[in-house]
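Coordinate inspection notes
Take a look at the letters that make up each chain.
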Amino acid sequence: MTTAGILGGGQLARMLALSGAPLGLRFLVMDTVADACAGQFAPLLVGDYRDEAALAEFASKVDVATFDFENVPAESAEWLSARVPVFPNPRALAVAQDRLAEKTLFRELDIPVPQFAAVSSREELDAALAIVGVPCILKTRRLGYDGKGQFRIRALADADLAWDALGAQAGKVGLILEAFVPFEREVSVVAVRGRDGEFRTWPLTENWHVDGVLSASLAPARTEAALADTATGYARRLAERLDYVGVFALELFCRDGQLLANELAPRVHNSGHWTIEGAETSQFENHLRAVLGMPLGSTAMRGHACMLNWIGAMPDAGAVLGEPGGHWHDYGKEPRAGRKVGHATLRSDDAAGLAGALERVGKKLGREDQVAPVIRALQGV
Ligand code: AMP
């Protein structure tokens, strides 16, 4: 019996455990809090990721280790990797934890990125503004997620405000200034690479964010095949350079027919949740297959799929469950403002059918705003 260890016990670990059950796997999840929602389905070890005794206990009980959370300290991942196979490898994790290292690697691999510059002092912010220009976004290099740790600079006069907001972080996690991209669309490529180097991607996904948090994803994205091939090529370059094993997502901005890389998420990703019902093999199952050295499953789509995130509190399930292609995912979390508590996936054989289902669900739940951009994309307007 193989036991897969997962560092981080949120919804990603929960969905990994659910998808691993048919493969005959056991799991051990480690999290800093006792009510981590993956603990409802897998044994949970509560401990700090820097606590060697807790990590040693974790390592002694698992055959392989992976992550639901990319901000596990890179040193802890290194420490673990001396005791048990860890996928993705700690170096890949370290690069993805640091927006500056990540963007520098993108550049090295000829993957276009928005203009950027490192900032570690107020003077450097002025120097960076001269390079990057306005509008731009000041971001923490580390530990930012879902739009947190970011300040939008619209004019040079905002520099003091930006420094007031994030300057204190400069010495702790570092800062990066990035050009603001007036993108037409945001897309992501979710990819998987096996231990033997086999590489696959799911069809390109189009994403909509509200206040920096993913609101909806649509697959396949409305885009030209050439652009999807370009995105896949970027993901392959990254996977090969990092000797990556497992699933990751590359988030991209699309502007004037060009792609600009935003970030690399070294784990299963929210924009790939639709793969549970919308693809032959889900991102969760393929991640497990990859880290365990099993053959990868097909990433082919089944028709068209849209994922809607539920933030803060779960809406009524009936509207989604009443749809023939409606699927419900309640993460078993306590409601809290801004918290991802669940999602729904709507799937249909054709785009018109999916647009109809979204319209009905949006209306019943009073969430017309959330579904509207997806319906427009499906209708090609
Ligand atoms: P991030 O945490 O960097 O993925 O940012 C969250 C979201 O904020 C992105 O998905 C975009 O919607 C927006 N965003 C971040 N960086 C930029 C940028 N340089 N230009 C325009 N929008 C951005």
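Below is a short write-up of the structure. Because the structure is a prediction, the values reported are computed rather than measured.

A closer look at the overall build of the protein
When helices and strands are tallied, the protein shows 13 helices and 17 strands. What you see for the protein is a C-alpha radius of gyration of 20 Å, in line with the 21 Å of a compact globule of 381 residues. Considering the protein as a whole, with its 381 residues, one finds that 58% of them fall into the buried category. At a minimum sequence separation of 6, the contacts of the protein that also span at least 24 residues come to 60%. Looking at the protein as shown, the accessible area adds up to about 15,400 Å², and 50% of this sits on carbon and sulfur atoms. If you average the places of the 39 positive and of the 48 negative side-chain charges in the protein, the two averages end up 1 Å apart.

Some points on the sheet that holds strand E3 (residues 44-46)
Read across the sheet, four strands follow the order E3-E2-E1-E4 without closing on themselves; strand pairing throughout is parallel. Since the sheet does not close on itself, it has two edges, and those belong to E3 and strand E4 (64-67), each with one partner. Neighbour-to-neighbour, the strand axes of the sheet open up by a mean angle of 25 degrees, direction not taken into account. The sheet strands contacting helix H1 (residues 11-20) are strand E1 (3-7) and strand E2 (26-31), and the helix crosses E2 at an angle near 175 degrees.

How each quantity is defined
Note that residues are indexed from 1 along each chain, following the sequence as it is written. Residues qualify for local features only when their pLDDT is at least 70, as the model is predicted, and side-chain atom pairs are given and counted only at 80 or more; totals for whole chains, interfaces and linings, by contrast, use all residues. As a rule here, side-chain values cover all heavy atoms of the structure and leave hydrogens and water aside. Numbering of helices and strands runs from the N terminus, with a helix taken as a DSSP run of H or I at least four residues long and a strand as a DSSP run of E at least two residues long. What the globule rule says is 2.2 Å times the number of residues to the power 0.38, and the radius of gyration is computed from C-alpha atoms. Each residue is placed in one exposure class: buried if its accessible area under a 1.4 Å probe, protein chains only, is under 20% of its type's maximum, exposed if it is over 50%, and partly exposed if it falls in between. What makes two residues a contact is simply this: any of their non-hydrogen atoms within 4.5 Å. Only the protein chains shown count as cover for residues, and all accessible areas are computed by the Shrake-Rupley method using a 1.4 Å probe. Counting rule for charge: Lys and Arg are taken as positive, Asp and Glu as negative, and neither His nor the chain ends is counted. Taken as the charge centre is NZ of Lys, CZ of Arg, CG of Asp or CD of Glu, depending on the residue. By this definition, two strands are paired if DSSP reports at least two bridges between them. Note on definitions: angles span 0 to 180 degrees between N-to-C directions of axes, and those axes are lines fitted to C-alpha atoms, for helices only across the stretch in contact.

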